[in-house]
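Overview (structure and organization)
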Amino acid sequence: MANQVEPKLIKPLFDELQKERFATLATIDHETGGPNISAISWLLAKDESTIYFAVDNRSRIVQNIKNKSDVAINVIANETTYAINGNAAVKQEKLEGVPLKLALIEVKINEVRDVMFYGSKITQEPQYDKTYDKVAAARLDNQVMDAFRNA
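These remarks concern the structure in this document. Every value quoted in this text rests on a predicted model; they were computed, and no experiment measured them.

1. Quick notes on the overall build of the protein chain
A count of helices and strands for the protein chain gives three helices and eight strands. Ordered by position from the N terminus, the helices and strands of the protein chain form the series β-α-β-β-β-β-α-β-β-β-α. In terms of overall size, the protein chain behaves like a compact globule, its C-alpha atoms giving a radius of gyration of 15 Å where 151 residues would be expected to give roughly 15 Å. Each of the three principal axes of the protein chain carries a C-alpha extent, and together these read 45 × 35 × 25 Å. Residues counted as buried form 41% of the 151 residues belonging to the protein chain. A sequence separation of at least 24 residues applies to 67% of the contacts in the protein chain between residues at least 6 apart. For the protein chain, the exposed area adds up to about 8,300 Å²; of that, 51% sits on carbon and sulfur atoms. Taken as two groups, the 19 positive and 21 negative side-chain charges of the protein chain have centres that lie 3 Å from each other.

Shown next as structure tokens:
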């Protein structure tokens, strides 16, 4: 059975991308031309065809995207794994309303593919814990998500 492919986010995935969550991002390295994979957590589905995420504006991710816009975001949600492919661009060099120097990246979605292997499902989604000041982390997370919604 072939994995389902959609041109935009399906409603359950859109809903899951309304809050911070663990995801991996694949870009094309601007120096080697090879794959570069990073873990990210600040992402938000702005609409069914657009995802925003934020990273330090000095990150290799920013240089990679400026050099080649093709990206893939891997998200585990709804008991499956999705590959979201699209084209990324730096929307803001410094995300407004956030004290850190974070770049706002906009991804225009080309396709969303359920890539879970046949006959299986995810029984527990990845979880992570912020290892620094939890109050400061929660405040920063809220600032980033609010800035996404206002962008």
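Back to the text.
2. Some details on the environment of Ala147
Tracing the chain through its elements places Ala147 in helix H3 (residues 134-150). If near-sequence neighbours (up to four positions away) are discounted, Ala147 is found in contact with Leu95, Glu96 and Val98.

3. Topic: the pattern of salt bridges
The full count for this structure, using the stated rule, is 14 salt bridges. Among the ionic pairs, Lys19 bridges to Glu16, the shortest N-O distance being 3.1 Å. On the accessibility criterion, Lys19 (41% relative accessible area) is partly exposed. Via salt bridges that share partners, Glu16, Lys19, Arg21 and Glu125 belong to a single interconnected network.

4. Details of helix H2 (residues 60-67)
Of the residues making up H2, those classed as buried are Ile61, Val62, Asn64 and Ile65. Down the axis of H2, the sector holding all buried residues measures 165°, keeping them to one side. Considering only its buried residues, H2 is in contact with strand S2 (23-28), strand S3 (35-40), strand S5 (50-56), strand S6 (70-77), strand S7 (80-92) and strand S8 (102-114). Where H2 begins, one side-chain oxygen reaches toward the backbone nitrogen of Ile61, 3.0 Å away; that side chain belongs to Ser59.

5. Points about unusual backbone geometry
Positive phi outside glycine occurs at Asn78, with the angle close to 55°. Within the fold, Asn78 resides in the loop between S6 and S7. The backbone phi angle of Glu79 is positive, close to 65°, even though this residue is not glycine. Among the secondary structure elements, Glu79 is positioned in the loop between S6 and S7.

6. Structural notes on the environment of Ser69
For Ser69, the position within the fold is in the loop between H2 and S6. Side chain to side chain, Ser69 and Asn87 meet in a polar contact 3.1 Å long.

7. Re the nonpolar core
Counting residues in each nonpolar core, the largest one holds 27 residues, and the members touching the most others are Leu9, Leu13, Leu17, Ile51, Phe53, Ile73 and Ile84. Of all elements in the fold, only helix H1 (11-16), S2, strand S4 (43-47), S5, H2, S6, S7 and S8 reach the threshold of two or more residues within this core. For this core, the leading source of residues is S8, giving five residues. Ignoring anything within four residues of it in the chain, the contact list for Ile73 reads Ala23, Thr24, Leu25, Leu43, Ile51, Tyr82, Ala83, Ile84 and Val107.

The rules behind these values
- Residues numbered from 1 in each chain as written.
- Predicted model: local features only at pLDDT ≥ 70, side-chain atom pairs only at ≥ 80, totals over all residues.
- Heavy atoms only, no water.
- Helix = DSSP H or I, 4+ residues; strand = E, 2+ residues; numbered from the N terminus.
- Rg over C-alpha atoms; globule rule 2.2 N^0.38 Å.
- Buried < 20%, exposed > 50% of the residue type's maximum accessible area, 1.4 Å probe, protein only.
- Contact = heavy atoms within 4.5 Å.
- Areas by Shrake-Rupley, 256 points an atom, 1.4 Å probe, with all protein chains shown as cover.
- Lys, Arg positive; Asp, Glu negative; His and termini not counted.
- Charge placed at Lys NZ, Arg CZ, Asp CG, Glu CD.
- Salt bridge = Lys/Arg side-chain N within 4 Å of Asp/Glu carboxyl O.
- Arc of directions from axis to C-beta.
- Polar contact = N/O pair within 3.5 Å; in protein donor to acceptor, adjacent residues only side chain to side chain.
- Core = buried A, V, L, I, M, F, W, Y, C linked by side-chain atoms within 4.5 Å.

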